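Overview (structure and organization)
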Amino acid sequence: MSPRCDSPVYLRVSGAFTRAEPPAPGRRAVVQFDKLDVFSTGGRRLVSAGWLFKLQRKFAPSLANGADSASWLDTTYLSPTVRLGRGNKGSVFVLRRVDDDGGPLRDSPL
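Just so it is clear, the model here is predicted, and its values are computed rather than measured.

One pass over the structure, following the stated rule, counts 2 salt bridges. The partner of Asp74 in a salt bridge is Arg28, and the shortest N-O contact between them spans 2.9 Å. With Asp74 in strand β4 (residues 72–78) and Arg28 in strand β2 (residues 28–40), the pair connects residues that are 46 residues apart, well separated along the chain. Residue Asp37 is joined to Arg45 by a salt bridge in which the shortest nitrogen-to-oxygen separation is 3.1 Å. Among the residues examined, Asp37 registers a relative accessible area of 5% and is labelled buried. A relative accessible area of 36% places Arg45 in the partly exposed class.

The peptide bond linking Pro22 to Pro23 adopts the cis configuration, its omega dihedral lying at 15°. Considering the arrangement of structural elements, one finds Pro23 in the loop between β1 (9–19) and β2.

A residue is classified by how much of its surface remains accessible, and Asp74, at 9% relative accessible area, is buried. Of the polar contacts made by the side chain of Asp74, one reaches the side chain of Arg28; its length is 2.9 Å. Once you skip the residues sitting within four places of it in the chain, Asp74 turns out to touch Pro25, Arg27, Arg28, Leu84, Gly85 and Arg86.

Cut-offs and rules
- Residues numbered from 1 in each chain as written.
- Predicted model: local features only at pLDDT ≥ 70, side-chain atom pairs only at ≥ 80, totals over all residues.
- Heavy atoms only, no water.
- Salt bridge = Lys/Arg side-chain N within 4 Å of Asp/Glu carboxyl O.
- Helix = DSSP H or I, 4+ residues; strand = E, 2+ residues; numbered from the N terminus.
- Buried < 20%, exposed > 50% of the residue type's maximum accessible area, 1.4 Å probe, protein only.
- Polar contact = N/O pair within 3.5 Å; in protein donor to acceptor, adjacent residues only side chain to side chain.
- Contact = heavy atoms within 4.5 Å.

The structure is reproduced here in structure tokens:
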């Protein structure tokens, strides 16, 4: 039986990105994540695991030096309120801009 979470949690992943060098498509960004946090609905930080990205870069340096296996994100659609993207490992992202005064994480600094 797998563990169950009865209340929603919020995941925040952050990092830096740069425009991918040609011949990559012009809408591609090379991404280097450095923070990973899980928060309760009340904004309390439950887990901070940014060290996982440091460990990954140590044992797979091509992920940090822009090699073909580096993490990237293609923006496939962009409007003032929605961004659709696809990552190098097949992940699909649907991001929606929300005007909500910062939401439940507004008091949790990056």
